[in-house]
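Letter by letter, the chains look like this.
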Amino acid sequence: SVPLRVTVINPKAGLSSYSLTFGKQNVGTTSAVQTVTLTNTGTTSLVLSTLTVNGDFTLASGTTCVTGETLAVAATCAINVTFAPAAKGTRSGSVTIKDNALISQQILLLSGTGI
């Protein structure tokens, strides 16, 4: 008999936080940057296929998690986000990261209040 060897391809993405709260921000102004770290906690390379943001939020300068990025095992990248409310009241949005992991989508929930 011949021993069977199985190699599991297992990239896995983990966020340092799955939500960011920006608090109160004047309409028409931009908040300070908040950062979340994405880490490849799996055993093979993690490839980011898309990174999208919605709502009154923007990926800020210094974001190193970008479409097409390949993270080696244990490597990290940064997601920098700012909040610029377009109207008064509670505002929400998200950053969606799609990749080649088994659970291929991570969502960072965003919230803030326009004043």
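Worth saying up front: this structure is predicted, and the values here are computed from it rather than measured.

Calculation notes
- Residues numbered from 1 in each chain as written.
- Predicted model: local features only at pLDDT ≥ 70, side-chain atom pairs only at ≥ 80, totals over all residues.
- Heavy atoms only, no water.
- Core = buried A, V, L, I, M, F, W, Y, C linked by side-chain atoms within 4.5 Å.
- Buried < 20%, exposed > 50% of the residue type's maximum accessible area, 1.4 Å probe, protein only.
- Helix = DSSP H or I, 4+ residues; strand = E, 2+ residues; numbered from the N terminus.
- Contact = heavy atoms within 4.5 Å.
- Disulfide = S-S within 2.5 Å.

S.K.: Help me understand the nonpolar core, please; the structure alone is not making it clear to me.
M.R.: Side chains of nonpolar character tend, in soluble globular proteins, to be buried together. Counting 21 residues, the largest nonpolar core has Leu38, Ile79, Val81, Val95, Ile97, Leu108 and Leu110 as the members making the most contacts within it. Elements supplying a minimum of two residues to this core: β1 (13-15), β2 (19-25), β3 (34-40), β4 (46-54), β7 (76-83), β8 (89-99) and β9 (105-114). Element by element, the count of residues in this core is highest for β7, at four residues. Filtering out sequence-adjacent residues up to four positions away, Val81 remains in contact with Leu20, Phe22, Ala32, Val33, Gln34, Phe57, Thr58, Leu59, Ala60, Val95, Leu108 and Leu110.

S.K.: For this particular structure, what's the right way to read the state of the cysteines?
M.R.: Covalent bonding between the sulfur atoms of two cysteines defines a disulfide. By the definition in use, this model includes one disulfide. Here Cys65 engages in a disulfide with Cys77; their sulfurs sit 1.9 Å apart. Measuring handedness by torsion sign, the sulfur bridge of Cys65 and Cys77 sits at about 100 degrees and is right-handed. Pair noted here: Cys65 is in the loop between β5 (57-59) and β6 (70-71) and Cys77 is in strand β7, with a separation of 12 residues, a long-range link. The class for Cys65 is buried, based on a relative accessible area of 1%.

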